[in-house]
Amino acid sequence: FFFHPHAGIPDAQESRGLGDVYKRQDINSAGRFIMAIMAGVIDTIWYVLVATVLAGTPIINKLRANTGLVDRSIGIVMLILALFLIIKKLGLGLS
């Protein structure tokens, strides 16, 4: 059991993570729209920064040469994450 006075949760209860805190907040449609726009802006800035740093370096050439391996590795990681989410949603424990 955890107490989160700083997160606006006054009652003592088991925490399920940050998602639990955000679900309890009343956010209207405008607030959600602003959050989505900010996420898009942050992602765009990150991708531009990474592309700018990697452009013209030997790292980008190595990534291009190993595109298939990179794609398969990312795919495997995404599949594993999807399986964990499905298992969690179905209530099946791994313990």
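Computed from a predicted structure; not experimentally measured. (Residues numbered from 1 in each chain as written. Predicted model: local features only at pLDDT ≥ 70, side-chain atom pairs only at ≥ 80, totals over all residues. Heavy atoms only, no water.)

**A look at the overall build of the protein chain**
1) Next: A tally of regular secondary structure across the protein chain gives four helices and two strands.
2) Next: Counting from the amino terminus, helix and strand elements in the protein chain follow one another as β-β-α-α-α-α.
3) Next: Evaluated residue by residue, the protein chain yields a buried proportion of 4% over its 95 residues.
4) Next: With an accessible surface of roughly 8500 Å², the protein chain has 70% of that area assigned to carbon and sulfur atoms. (Helix = DSSP H or I, 4+ residues; strand = E, 2+ residues; numbered from the N terminus. Buried < 20%, exposed > 50% of the residue type's maximum accessible area, 1.4 Å probe, protein only. Areas by Shrake-Rupley, 256 points an atom, 1.4 Å probe, with all protein chains shown as cover.)

**Details of helix α4 (residues 67–90)**
1) Next: Taking 1.5 Å per residue as the helical rise, α4 with its 24 residues ought to reach 34 Å, and the 34 Å between its terminal C-alpha atoms agrees with that figure.
2) Next: Downstream of α4 by one or two residues, glycine 91 has phi in the positive range, about 80 degrees. (Expected span 1.5 Å × (residues − 1).)

**Considering the confidence of the model for the protein chain**
Atomic detail in the predicted coordinates should be set aside for any region of low pLDDT.
1) Next: Averaged over all residues, the pLDDT of the protein chain is 80; the fraction at 70 or higher stands at 71%.
2) Next: Summarising per-element confidence for the protein chain, the mean pLDDT is lowest in strand β1 (residues 2–4) (51) and highest in α4 (93). (pLDDT = per-residue confidence, 0-100.)

**Observations concerning a nonpolar patch on the surface**
1) Next: A cluster of nonpolar residues, Phe33, Ile34, Ile37, Met38, Val41, Ile42 and Ile45, forms a patch on the protein surface that exposes about 700 Å² of accessible area.
2) Next: Inspection of the secondary structure puts isoleucine 42 in helix α2 (residues 29–54). (Patch = residues over 30% accessible without salt bridge, like charges linked within 9 Å, V, L, I, M, F, W, Y side chains within 5 Å. Salt bridge = Lys/Arg side-chain N within 4 Å of Asp/Glu carboxyl O.)

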